[in-house]
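Structural features, examined
Now for the letters of each chain:
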Amino acid sequence: MKTIVTHIGMLATPLGRGPRKGQLQGQIQTLRDAWVLMEEGAVAQVGTGPAPGADQTIDARDRLVTPGLVDSHTHLIFGGWRQHELGMKLRGASYLDILAQGGGILSTVSATRAASQEELADKAGKALDEMLSLGTTTCEAKSGYGLDVDTELKQLRAIRELDARHPMDLVPTFLGAHAVPAEHREDRAGYLRLLCEEAIPAVAAQGLARFCDVFCETGAFTAEESRIVLETGKAHGLIPKIHADEIDPIGGSRLAGEIGAVSAEHLIVCPEEGITAMAAGGTAACLLPCTSFYLGAAYAPARRMVEAGVPVAMATDFNPGSCPCLNMQLVMSLGCLKYRLTPEEVLTAVTLNGAAAIGRADRTGSVEPGKWGDLVIWEAEDLNYICYRLGGNLARTVIKKGVPYGKE
Ligand code: IZC
Ligand code: ZN
């Protein structure tokens, strides 16, 4: 089956099969009057001018086309929501105050333990439908609301089920070290043993995750505890990722660089030494600007990271607490307005660099022969427009592995 997208007003894409950093982050290819030919779900040819024939033709009518967006950081699978925290926040409680009182992540843990795999997958499937309609064609999904072996595995199996039955491509991450569960409150060492001796070996043996992540934060896990979990994951073939420097700079970004994590996430209060360590260790920064907005926090030093040669990716952080948002278009706008990145740097961050942060840069994140036919036709004539408009949905047709979804 051959599908062609014709009459593309502007085709904007980064190029490559790995992350782009420094000046290269902002260098993208833009073609006018272009077409993209896809065969069996993959890009076969990209050209300009007169287009070849195909079985199915999608006329882009002079609109902008980009690669499908890659949401490289989500807590997709959870029971319940946390709207009851809104009033607490308005009365002055911080994210860590709510967690310390046994709420926050721990209230989502109760709801997730109580839900069946089917209920979790059905709920997340609705989120995936919305994400696809907003232009996201690949996303990472974390466990981390079980905090016991059975529920963590249930979350990861829900991710595997969705990957098989939904057009979205999902990449699973084990986040058993998200918080210390209530039953281990007085026995942190016991919880670390459970993670390292039971959970990680089970996840790895069943092939249920590609990455191992830790919430390295005050009230969650110290840098030393994080190192133990990530080293154990590594020994079992799980690639390290880390939530670092979101609220307090307790050494997460330095650890990320030292152990060669594929990415470090948040980095709102990342110190200069953390940026240096990440550049040396080849660690990508996965920045989450909607979380800064939602927490009323500062914005990560994105420009310093680009200058230091750290590849910058950007994602939603979709979760029921600090960021109940799954709109990558809002991420793009905040990337320009708050990080002061250019639309070109932002495009690379939400496509190729996001794909690299989840080990998918060989298959998606750019429009070039051999990669999946993952494209978005935008209700826009150029890249500036989608960064400049705020808070809506400008994705018109979203194409996943050559199959169009949405309006044509
Ligand atoms: O449920 O609060 N930051 N983990 C670390 C989260 C946010 C998710 C949550
Ligand atoms: Zn997160």
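Our subject in this report is the structure included herewith.

Reading the values: the criteria
Residues numbered from 1 in each chain as written. Chains lettered and ligands numbered in written order. Predicted model: local features only at pLDDT ≥ 70, side-chain atom pairs only at ≥ 80, totals over all residues. Heavy atoms only, no water. Phe/Tyr/Trp six-rings, centres within 6.5 Å; stacked < 30°, edge-to-face > 60°. Buried < 20%, exposed > 50% of the residue type's maximum accessible area, 1.4 Å probe, protein only. Core = buried A, V, L, I, M, F, W, Y, C linked by side-chain atoms within 4.5 Å. Helix = DSSP H or I, 4+ residues; strand = E, 2+ residues; numbered from the N terminus. Domains from an automatic or database assignment. Contact = heavy atoms within 4.5 Å. Pairing = 2+ DSSP bridges. Axes fitted to C-alpha atoms, helices over the stretch in contact; angles between N-to-C directions. Near = heavy atom within 4 Å. Polar contact = N/O pair within 3.5 Å; in protein donor to acceptor, adjacent residues only side chain to side chain. Areas by Shrake-Rupley, 256 points an atom, 1.4 Å probe, with all protein chains shown as cover. Nonpolar A, V, L, I, M, F, W, Y, C, P; charged D, E, K, R; others polar. Donors = N, O, S within 2.8 Å, 3.2 Å for Na, K, Ca; no water. Tetrahedral: all angles 85-135°; square planar, octahedral: opposite > 155°, others 65-115°. Salt bridge = Lys/Arg side-chain N within 4 Å of Asp/Glu carboxyl O. Arc of directions from axis to C-beta.

Once that is clear, we can look at the packing of aromatic side chains. Enumeration over the complete set of coordinates arrives at 7 aromatic pairs. Pairing Phe-78 with Trp-81 gives two aromatic rings, centres 5.1 Å apart and planes at 80 degrees, and the pair type is edge-to-face. For Phe-78, a relative accessible area of 1% translates into the label buried. A residue is classified by how much of its surface remains accessible, and Trp-81, at 46% relative accessible area, is partly exposed. With a centroid separation of 6.2 Å and an interplanar angle of 75 degrees, the aromatic rings of Tyr-299 and Tyr-339 are classed as edge-to-face.

Judged by nonpolar contacts, the single largest core of 104 residues is most densely connected at Leu-76, Leu-287 and Met-314. Tallying contributions element by element places helix 6 (residues 188–205) first for this core, with 8 residues. Two domains each donate at least three residues to this core, and these are domain 1 (2–67 + 365–406) and domain 2 (70–356). Excluding residues that lie within four positions of it along the chain, Leu-287 makes contacts with His-266, Leu-267, Ala-300, Ala-302, Met-305, Val-312, Ala-313, Met-314, Ala-315 and Tyr-339. By size, the runner-up hydrophobic cluster in this structure holds 14 residues, among which are Ala-34, Val-36, Val-43 and Ile-377.

Our focus in this paragraph is the sheet that holds strand 11 (residues 263–266). Where strands meet in a sheet, backbone hydrogen bonds hold them as pairs that are either parallel or antiparallel. Taken in spatial order, the 8 strands make up an open sheet running 6-7-8-9-10-11-12-13, and their pairing is parallel. Each of the sheet's edge strands pairs with one partner strand only, and the pair in question is strand 6 (69–71) and strand 13 (312–314). Averaged over all pairs of adjacent strands, the angle between strand axes in this sheet comes to 25 degrees, irrespective of strand direction. Relative to strand 13, strand 12 (residues 284–287) runs parallel, the two sharing 3 bridges. Its bridge partner lying in strand 13, Ala-285 is registered against Val-312.

Bringing the site of ligand 1 into the picture now. Near ligand 1 you find His-75, Arg-82, Tyr-95, Ile-105, Tyr-145, His-178, Phe-215, Glu-246, Asn-319 and Ser-322, and these make up its full shell. One of the side-chain nitrogen or oxygen atoms of Arg-82 is found 2.9 Å away from an oxygen atom of ligand 1. Between an oxygen atom of ligand 1 and a side-chain N or O atom of Tyr-95, the distance comes to 2.5 Å. For ligand 1, whose free accessible area comes to 270 Å², the fraction covered by protein is 100%. Within the shell around ligand 1, the residues separate by chemical class into 4 nonpolar, 4 polar and 2 charged.

What follows concerns the coordination of the zinc ion (ligand 2). On the protein side, the zinc ion (ligand 2) has His-73 (NE2), His-75 (NE2), His-243 (NE2) and Asp-317 (OD) as donor atoms, found 2.0 to 2.7 Å from it. Coordination at the zinc ion (ligand 2) is irregular, judged from the 4 donor atoms that bind it and the angles of 78 to 164 degrees they form at the metal. Considered as a linear motif, the donors of the zinc ion (ligand 2) on their single chain read H-x1-H-x167-H-x73-D. Here His-243 is found in strand 10 (residues 239–244), whereas its partner Asp-317 is found in the loop between strand 13 and helix 12 (328–337), with 74 residues between them in sequence. Residue classification places His-243 among the buried positions, given a relative accessible area of 3%.

Let's shift gears to the environment of Arg-304. With respect to the helices and strands, Arg-304 occurs in helix 11 (residues 302–307). A relative accessible area of 33% means that Arg-304 is categorised as partly exposed. Sequence-wise, Arg-304 and Gln-117 are 187 residues apart; in three dimensions their C-alpha atoms are separated by 42 Å. For Arg-304, the contacting residues outside a window of four places in its chain are Glu-272 and Ile-275.

Here we come to the pattern of salt bridges. Using the criterion set out here, one finds 21 salt bridges in the structure. Between Glu-225 and Arg-188 there is a salt bridge whose closest N-O contact spans 2.8 Å. Placement of Glu-225 in helix 7 (residues 223–235) and of Arg-188 in helix 6 is noted, with a sequence separation of 37 residues between them. One salt bridge connects Asp-362 with Arg-363, and the closest N-O pair in it is separated by 3.8 Å. A relative accessible area of 39% places Asp-362 in the partly exposed class.

What follows covers helix 9 (residues 272–281). Residues of helix 9 that are buried: Gly-274, Ile-275, Ala-277 and Met-278. The buried residues of helix 9 all sit within an arc of 165 degrees when viewed along its axis, so they share a single face. Where helix 9 is buried, its residues touch helix 8 (252–259), strand 11, strand 12 and helix 11. Residue Gly-282 follows helix 9 closely and has a positive phi angle near 70 degrees.

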